[in-house]
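# Commentary on secondary and tertiary structure
This is what each chain is made of:
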Amino acid sequence: MPGSKHKVAFGDFQTPIDLAREVCSAVARTGLRPRSILEPTCGTGSLLLAALDEFPSARAAVGLDINQQYVREARDALTGSPNRSKVRLLAANFFDTAWEKILRSLPDPLLVIGNLPWVTSAVLGSLGSRNLPTKSNFQKHRGLDAITGKSNFDISEWMMLRILDWLSGRQATLALLCKTAVARKVLAHAWRAHAPLASSATYIIPAFLHFGAAVDACLLVCAFVPGAHSSDCAVYEALASRAPASRIGLRNNQLIANIELYERWKHLEGRERRKWRSGIKHDCAQVLELTKEDSHYRNRAGEIVDIEDTYVYPMLKSSDLANGKVACPRRWMLVPQRSIGESTASIKHVAPKTWAYLTRNKALFARRASSIYEGRPPFSIFGVGEYSFSPWKVAISGFYKHLSFKVVGPFVSRPVVLDDTSYFLPCKTRHEAEYLAGLLNSETARGFYEAFVFWDSKRPVTVDLLRRLDLLALASALGRASFAARLFSDGKATQAELALN
Ligand SMILES: C[S@@+](CC[C@H](N)C(=O)[O-])C[C@H]1O[C@@H](n2cnc3c(N)ncnc32)[C@H](O)[C@@H]1O
């Protein structure tokens, strides 16, 4: 068989038999007694074989895989087994299979168990592979774009959405190994589409141990019962766990990471009036990011940069925020504009050496691919505004896996700017920043945000998350509202009020 390119295109990670047995025991603990079993991409058959052993109640089973050699191996593995006569094994493509006929042949309760291909449409595109749903099928799928994102999606996600459609109206259980992020998207889709789910659970799987894949993965189990409409999912930390660690679910049409915390703190939800901001997007970091050495700067290419200080600001990256290294920024950012679209022509007169440096590097600016720079003044940047230069900020990194808000103040009498993977509230005074950081670092605020954060996401902290917390409601909950009321109405508060709060 196939080389590694082929394996990648077919998302081919065969489930080890020990894991397959553990998966089946976890499914059996739900009390399921299926009369039939379907493994829609069965590979060499470990999940199918383990399910047949675990569920003797099953009278019929179907396994299908695109790889003929795997289907032969699955057939060989069943030779001599008392289960052999129950099973039909098919070498076929999931995307061209007449599933309706197969599904009709499988009586309820039906167990659909499997481990679908682990590959994304982007990877298939780069390999020139056609292991994809046909376009017409793909477009017919209701709301698919909304679930998968338009350009890149997991093939398993597309398959799982099809499987959800099959199971509506049936007494059935789905038990699939998949990326945790895919499980969540599929659950959100099922809940929003009012799929008849009686219960759902995820069990964390150590994917690296079993598959050598560094992804967050789980077993997703969903029980379908006509008329049911649960929109909760129990989260188990391991296949062997007997009690869930937490519950996720859909509330108010939003995906909630921790239902218990959400129920406790949902009264703090609102649309925060103060604007959370992102740091400056400076795509030309090799030119704009500098370090300072005595009398000159040095850029990321290692060149000495002799420019005026006029447009240079101390800078913190989101890693500095996460590591708490905020007092003495180690980097500097050359910021050619104070607002988006501002003319840069005056730099030539105000700071001629800076202009000469930028002009020397104009080819690098021109190379920036994004269309947002088209028709803009030379050396334009994005994510910049007066707020970028506020003297004080309460800031957090978008990438790191903990909620810790830092007070950032001026450095050598200049405002500190942040990079675009950080978020912040601009503040006029130190007291304002310290007050807000105090609110945001409280257990209450943390509990609120934890209700919404999925820590395995690429960027767990987003502006959308931050802005959900109504700071005035938070201040009231903490008994610190009087200062907040003035602060939020006109941005001012007296020292005396601060002391009171
Ligand atoms: C992650 S492996 C898992 C195999 C098996 N379910 C298991 O648990 O060991 C994914 C399987 O999907 C199969 N596959 C990939 N694309 C397919 C397609 N379009 N139709 C059917 N099977 C496919 C691969 O051959 C591979 O055996």
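Residues numbered from 1 in each chain as written. Predicted model: local features only at pLDDT ≥ 70, side-chain atom pairs only at ≥ 80, totals over all residues.

### Focus on the overall build of the protein chain
Counting its regular elements, the protein chain contains 23 helices and 20 strands. Dimensions along the principal axes, computed over C-alpha positions, put the protein chain at roughly 85 × 55 × 40 Å. For the protein chain, the proportion of its 501 residues judged to be buried stands at 42%. Counting contacts in the protein chain only where the partners sit at least 6 residues apart, residues at least 24 apart contribute 72% of the total. (Helix = DSSP H or I, 4+ residues; strand = E, 2+ residues; numbered from the N terminus. Buried ≥ 20, exposed ≤ 12 C-beta atoms within 10 Å, placed from the backbone. Contact = placed C-beta atoms within 7 Å.)

### Concerning helix α3 (residues 46–54)
Judged by how many residues are buried, α3 sits mostly within the fold: eight of nine residues are covered. Turning to α3, its buried residues are Ser46, Leu47, Leu48, Leu49, Ala50, Ala51, Leu52 and Glu54. As for α3, its buried residues are in contact with α2 (17–28), β1 (36–39), β2 (60–65), α4 (68–78) and β4 (110–115).

### With respect to α4
Within the sequence span of α4, burial applies to Tyr70, Val71, Ala74 and Leu78. Looking straight down α4, one finds its buried side chains confined to an arc of 100 degrees; they lie on one side. In this structure, α4 carries Gln68, Gln69 and Asp76 as exposed residues pointing more than 90 degrees from its buried face. Looking at the buried residues of α4, the elements they touch are α3, β2 and β3 (87–91). Two residues or fewer after α4 comes glycine 80, characterised by a positive phi angle close to 85 degrees. (Arc of directions from axis to C-beta.)

### Concerning the pairing of strand β12 (residues 289–293)
Pairing of β12 with strand β16 (residues 331–334), which is carried by two bridges, proceeds in the antiparallel orientation. Of the residues in β16, the one forming a bridge with glutamate 289 is methionine 333. Two strands pair when backbone bridges link them, and β12 and strand β13 (residues 296–299) are joined in this way by four bridges, in the antiparallel orientation. Considered in β13, the bridge of lysine 292 is made with tyrosine 297. Following β12, the chain reverses through two residues before pairing antiparallel with β13; aspartate 294 in that reversal takes a positive phi of roughly 40 degrees. (Pairing = 2+ DSSP bridges.)

### Looking at the packing of helix α9 (residues 155–167) against helix α10 (residues 180–192)
Running from N to C, α9 and α10 cross one another at 35 degrees; their axes reach a closest spacing of 10 Å. As for how α9 packs across α10, the hand of that crossing is right-handed. Every residue of α10 that contacts α9 at Ser156, Glu157, Met160, Leu161 and Leu164 is listed here: Val182, Lys185, Val186, His189 and Ala190. For the contact of α9 with α10, the class distribution of residues is six nonpolar, two polar and two charged. (Axes fitted to C-alpha atoms, helices over the stretch in contact; angles between N-to-C directions. Left-handed = near helix turned anticlockwise from the far one by under 90°. Nonpolar A, V, L, I, M, F, W, Y, C, P; charged D, E, K, R; others polar.)

### Points about the sheet that holds strand β15 (residues 312–316)
Here six strands make up an open sheet; going across it, the order is β14-β13-β12-β16-β15-β19 and the pairing mixed. In this open sheet, the two edge strands, each paired with only one partner strand, are β14 (304–305) and β19 (417–418).

### Section: the site of the ligand
Near the ligand lie 23 residues; those nearest to it are Thr15, Thr41, Gly43, Phe94 and Asn115. Put simply, the parts of the chain that give the shell around the ligand at least two residues each are α3 and β4. Within the shell around the ligand, the residues separate by chemical class into ten nonpolar, eleven polar and two charged. (Near = placed C-beta within 6 Å.)

### Remarks on the nonpolar core
Most often, soluble globular proteins have nonpolar side chains that are buried together. Among the nonpolar cores identified, the biggest contains 149 residues, and Val23, Ile37, Ala51, Cys178, Leu219 and Val394 are the most heavily contacted of them. Ranked by residue count, the leading element in this core is α9, at nine residues. Per-domain counts for this core show at least three residues from each of domain 1 (4–229) and domain 2 (277–500). Once residues lying within four places of it in the same chain are set aside, the contact partners of valine 394 are Phe405, Val407, Phe424, Leu425, Cys427, Ala433, Leu436, Ala437 and Leu440. (Core = buried A, V, L, I, M, F, W, Y, C linked by C-beta atoms within 7 Å. Domains from an automatic or database assignment.)

### Focus on the domain arrangement of the protein chain
The assigned domain composition of the protein chain is domain 1 (4–229) and domain 2 (277–500). For domain 1 versus domain 2, the separation of C-alpha centres amounts to 45 Å.

### Here we look at the confidence of the model for the protein chain
This prediction gives the protein chain a mean pLDDT of 91; 93% of its residues lie at or above 70. This model gives residues 136–144 a pLDDT under 50, and the stretch forms five contacts once residues within four places in sequence are excluded. (pLDDT = per-residue confidence, 0-100.)

### Side note on the packing of α2 against α3
At a minimum axis separation of 8 Å, α2 and α3 run at an interaxial angle of 45 degrees. Here α2 lies oblique to α3, going by the angle between them. Helix-helix and strand crossings are classified by hand; for α2 and α3 the assignment is right-handed. Of the residues in α3, those in contact with Ile17, Ala20, Arg21, Val23, Cys24, Ser25 and Ala28 of α2 are Ser46, Leu47, Ala50, Ala51 and Glu54. Residue composition of the contact of α2 with α3, by class: eight nonpolar, two polar and two charged. (Parallel < 35°, antiparallel > 145°, perpendicular 65-115°, else oblique.)

### Let's talk about the environment of arginine 130
One can find arginine 130 in the loop between α6 (121–127) and α7 (135–140). Since 9 C-beta atoms lie within 10 Å of it, arginine 130 is described here as exposed. For the pair arginine 130 and alanine 9, spaced 121 residues apart in the sequence, the C-alpha separation amounts to 8.6 Å.

### As for the sheet that holds strand β20 (residues 422–427)
With antiparallel pairing, four strands are arranged side by side in an open sheet as β11-β20-β17-β18. Looking at the sheet topology across the chains shown, the edges are occupied by β11 (277–278) and β18 (406–408). As paired strands, β11 and β20 are joined by two bridges and run antiparallel to one another. Bridging across to β20, serine 278 finds its partner in tyrosine 423.

### What about the environment of glutamine 286?
Following the sequence through the fold, glutamine 286 ends up in helix α13 (residues 285–288). Using a count of 13 C-beta atoms within 10 Å as the deciding quantity, one classes glutamine 286 as partly exposed. Put simply, glutamine 286 and valine 87 are 199 residues apart on the chain and 61 Å apart in space, counted from C-alpha to C-alpha. Residues within four places of glutamine 286 in sequence aside, it is in contact with Asn299, Arg300, Ala301 and Leu364.

### Examining unusual backbone geometry
Of all residues except glycine, most have a negative phi; of all peptide bonds, most are trans. Between aspartate 108 and the following residue, proline 109, the backbone shows a cis peptide bond with an omega angle of -10 degrees. Within the secondary structure, proline 109 is located in the loop between α5 (99–104) and β4. For histidine 194, which is not glycine, the phi torsion reads 55 degrees and is therefore positive. With respect to the element layout, histidine 194 can be found in the loop between α10 and β6 (197–205). The class of histidine 194 is exposed, set by 10 C-beta atoms lying within 10 Å. Within the chain, asparagine 253 stands out as a residue other than glycine whose phi angle is a positive 65 degrees. For asparagine 253, the location among the structural elements is in the loop between β9 (246–251) and β10 (254–256). With 9 C-beta atoms counted inside 10 Å, the residue asparagine 253 sits in the exposed group.

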